[in-house]
Every structure is written in structure tokens, then in C-alpha cells.
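Read off the chains here:
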Amino acid sequence: MDAAMVTAIAALIGGPVAALGAMYGSRGANQAAREGNAVTGFKSLTDELQEERQQLREELRNLRAENAAKELEIARLRLLVQQLGGTP
């Protein structure tokens, strides 16, 4: 076998091996990209949920303050009714 024949055989064997290596490497890169997208999506969803939770806490705080003000007004009106001789 001369050098030209060895080179040709190496090219015939090396080509498919290189193609298989590229396909395998591409699969790994695609899988890594999918996993990265999943982590990014999960982080984004977690951030949104935390923001919503904070907004709900603020809304609950406001509603509790409104409720306390209404209870105070009810107590004031009951006292006024009693002072005027009525029964609440």
C-alpha cells in the first residue's frame, strides 16, 4: 500500500467518524440549550410568582386597614346611637 492509498482510506474512514462526532456534539449542545431554556423559564416564572405574591400581600394589608377603619366607624356609630338613647 502506498501513501496515496493510505490517505484515501483514512479519508474514507475519517469522514464518517467526523460526521458522527459532529452529530453527537450537536446533540449535546442542543440538550444543553434545552436545559438552559428550562432553567431560564423556571427562573422567570418564579420571579413572576414572587411579584404577584408581593402584590397580594400589599392588597391584603390595604384590605385589613380598610376593615379596621370600618370596624372603628361601626363602634363610633354604636356609641353615638347609645348616647342618643337608642339600642344598636
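Residues numbered from 1 in each chain as written. Predicted model: local features only at pLDDT ≥ 70, side-chain atom pairs only at ≥ 80, totals over all residues. Heavy atoms only, no water.

Engineer: Looking at this structure, how should I read the overall build of the protein chain?
Structural biologist: Scanning the protein chain from terminus to terminus reveals one helix and zero strands. A total of 88 residues make up the protein chain; the buried ones form 0% of that total. Taken as a whole, the protein chain presents about 7900 Å² of accessible surface, with 62% of it coming from carbon and sulfur. (Helix = DSSP H or I, 4+ residues; strand = E, 2+ residues; numbered from the N terminus. Buried < 20%, exposed > 50% of the residue type's maximum accessible area, 1.4 Å probe, protein only. Areas by Shrake-Rupley, 256 points an atom, 1.4 Å probe, with all protein chains shown as cover.)

Engineer: Sorry if this is basic, but what is going on with the pattern of salt bridges here?
Structural biologist: Where side chains of opposite charge bring their charged atoms close, a pairing between them can arise. Counted under the stated rule, the structure contains two salt bridges. Salt-bridge contacts for D47 lead to K43; the nearest nitrogen and oxygen are separated by 3.4 Å. Remark: K43 and D47 occur in helix 1 (residues 3-83); sequence separation between them is four residues, near one turn of the helix. For D47, a relative accessible area of 31% gives the class partly exposed. Classification of K43 by relative accessible area gives exposed; the value is 53%. (Salt bridge = Lys/Arg side-chain N within 4 Å of Asp/Glu carboxyl O.)

Engineer: Is there a simple way to explain a nonpolar patch on the surface in this structure?
Structural biologist: Nonpolar side chains collect at one region of the surface, where L77, L80 and L84 lie side by side and expose about 290 Å² of accessible area between them. Mapped onto the fold, L77 is located in helix 1. When its relative accessible area of 40% is taken as the criterion, L77 is described as partly exposed. (Patch = residues over 30% accessible without salt bridge, like charges linked within 9 Å, V, L, I, M, F, W, Y side chains within 5 Å.)

That is the geometry; function is a separate question.
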